[in-house]
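What follows is each chain in one-letter form.
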Amino acid sequence: MPSYKYSVYSSAKRNVGGRRSGGGGGGRSGGKRRGDYIDPSRLIRVATPSQAVDYTPNHKFEDFAVDEVLKNNLAAKGYTVPSPIQDQTIPLGLAGRDVIGIANTGTGKTASFAVPVMQRLIHEPKSRALIVAPTRELAQQIEEECRSIAKGSGLTGAILIGGSGMGPQLRDLRNNPRIVIGTPGRIKDHLDRGTLKLHDVNMVVLDEVDRMLDMGFVADVTELLRELAPERQSFFFSATMDPRVQGLIRTFATDPETVSVKTGESSDHVNQDVVYYGGTSEKMAKLHDILLDPAVSKVIVFDETQRSVERLGQELVIRGFKADTIHGGKSQGQRIRALDNFKASKTTVLVATDVAARGIDVSDITHVVNFSMPQTYQDYTHRIGRAGRAGKVGHAITFVNK
Ligand code: AMP
């Protein structure tokens, strides 16, 4: 049986700051949060990843009882050995069970729900699916993955995300899409306008439920779930299982099976250090030096506001770096382009605000630079978790004013 090299990080050994209450900025409840004081000593750590262990899956993709179209597409994507979450979730999904997946991004969770959902869509012509993600970027990534897995199946879809025009979305909706993917706010808008009906949707996926609730989407999500067909299959994915997530699942899932591949705090695999600076020009010079280091091959630089991000991005381009920016003031098209160029390494420095960086899953980011101090320690761990995905050790550097 083939094995899937799967990195298990040591479990969390410290309190990573209290769970954020209220809105997290970017969701409906919005609002600026009061910043915590973060002692710089908490920002210096040596990565403590545990040894990669072999997970021996019980299946190969070719063993799953799924349509040949799906099998061929999975093979064409190079998926032969299922990741642990796929190995455990796909059979449950194919058996029609409700599944709760406790998993971080980067574990292969998208295909773990996409395969059983696509299989049912292909074989049950009346079935429909709704996939909800907290951010536009994540919704976009899910759509790409679903599209490639279902290629040639003839399934129709619609992607409903904020920040992009209503026209194409309305056109896709008129075609009665079998699969609808989107963010809670825009899906709810379509529901309110009567342009989307969910009463015959019999499969639902909520991805990153905890983050969705952090962002203040609880009312929207609850309302969406209430609209669905009463006889349905549900997939809930979350990196954490707190009482709010449990409450939602208890209300909406039926006899769910839980699959957990949670691997401790994702920041355990990140080397963390600080850089002290005096004034603005020293700060800029130090950032310049960091970015010149050949080890810093792909980096997200966080700054505070849309304006400061834009200004810093321009300064870095003038200094000759392949830099771009991503923030909420950009159109959806610009954000997608920025992300695609970064993924394809056409740019190697992405300057971002916290909100815009949510849901970005680029596997080869080597460094995260906090050019401005995050508001809370939880924001800090979200930020630095972007570095060193897929079992690699990442690096985080935080600028601290002397
Ligand atoms: P996800 O957690 O779904 O965002 O997936 C993380 C990354 O792993 C994506 O780039 C996927 O294309 C890739 N991936 C997912 N499943 C597999 C697999 N079974 N074999 C190889 N790569 C995979």
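Residues numbered from 1 in each chain as written. Predicted model: local features only at pLDDT ≥ 70, side-chain atom pairs only at ≥ 80, totals over all residues. Heavy atoms only, no water.

Chemist: Tell me about the site of the ligand, and name the residues and values.
Modeler: Close to the ligand lie Phe61, Tyr79, Val81, Ser83, Gln86, Gly106, Thr107, Gly108, Lys109, Thr110 and Asp361. Contact distances for the ligand include 3.1 Å between an oxygen atom and a backbone N or O atom of Thr107. A distance of 2.6 Å separates an oxygen atom of the ligand from a polar atom in the side chain of Thr110. When isolated, the ligand has an accessible area of 490 Å², and the protein chains bury 69% of it. Across the shell around the ligand, the residue classes break down as three nonpolar, six polar and two charged. (Near = heavy atom within 4 Å. Polar contact = N/O pair within 3.5 Å; in protein donor to acceptor, adjacent residues only side chain to side chain. Areas by Shrake-Rupley, 256 points an atom, 1.4 Å probe, with all protein chains shown as cover. Nonpolar A, V, L, I, M, F, W, Y, C, P; charged D, E, K, R; others polar.)

Chemist: I'd like a rundown of the sheet that holds strand S15 (residues 394–401), residues and numbers included.
Modeler: With parallel pairing, six strands are arranged side by side in an open sheet as S10-S15-S14-S11-S13-S12. On the outer flanks of this sheet lie strand S10 (270–277) and strand S12 (323–326), each paired with one strand and no other. Taken pair by pair, the neighbouring strands of this sheet meet at an average axis angle of 20 degrees, ignoring direction. Where S10 lies against S15, eight bridges are found, and the strand directions are parallel. Within the sheet, the bridge partner assigned to Tyr276 lies in S15 and is Val400. Those strands touched by helix H10 (residues 280–292) are S10, strand S11 (299–302), strand S13 (349–352), strand S14 (367–370) and S15, and its axis lies near 145 degrees from that of S10. On the sheet, helix H14 (residues 377–384) packs against S10, S11, S14 and S15 and is oriented at approximately 150 degrees with respect to S14. (Pairing = 2+ DSSP bridges. Helix = DSSP H or I, 4+ residues; strand = E, 2+ residues; numbered from the N terminus. Axes fitted to C-alpha atoms, helices over the stretch in contact; angles between N-to-C directions. Contact = heavy atoms within 4.5 Å.)

Chemist: Give a description of the pattern of salt bridges that names residues and reports values.
Modeler: Tallied over the entire structure, the rule returns 18 salt bridges. One salt bridge in this structure joins Lys109 and Asp207, with 2.8 Å as the shortest N-O distance. Placement of the pair is Lys109 in helix H3 (residues 109–123) and Asp207 in the loop between strand S7 (203–206) and helix H7 (209–214), with a sequence separation of 98 residues. Asp207 matches Lys109 in its accessibility class, with the two residues each being buried. Of the charged contacts, one joins Lys109 and Glu208 as a salt bridge, the two residues approaching to 3.7 Å between their closest N and O atoms. Here Glu208 lies in the loop between S7 and H7 and Lys109 lies in helix H3, a separation of 99 residues in the sequence. (Salt bridge = Lys/Arg side-chain N within 4 Å of Asp/Glu carboxyl O. Buried < 20%, exposed > 50% of the residue type's maximum accessible area, 1.4 Å probe, protein only.)

Chemist: Explain the packing of aromatic side chains residue by residue, including any values.
Modeler: Under the defined criterion, the tally for this structure stands at five aromatic pairs. Look at Phe61 and Tyr79: their rings are 6.1 Å apart centre to centre, the planes differ by 35 degrees, and that puts the pair in the tilted class. Residue Phe61 is found in the loop between strand S2 (52–55) and helix H1 (68–76), and its partner Tyr79 is found in the loop between H1 and helix H2 (84–94); the two are separated by 18 residues along the sequence. By relative accessible area, Tyr79 is classed as partly exposed at 23%. Grouping aromatic residues by their ring pairs yields a cluster made of Phe61, Phe64 and Tyr79. Here the guanidinium or amino end of Lys283 rests over the ring plane of Phe371, the centre of that ring lying 4.2 Å away. Its guanidinium or amino end placed over the ring of Phe342, Lys298 lies 5.3 Å from that ring's centre, counting from NZ or CZ. (Phe/Tyr/Trp six-rings, centres within 6.5 Å; stacked < 30°, edge-to-face > 60°. Lys NZ or Arg CZ within 6 Å of the ring centre and 35° of its normal.)

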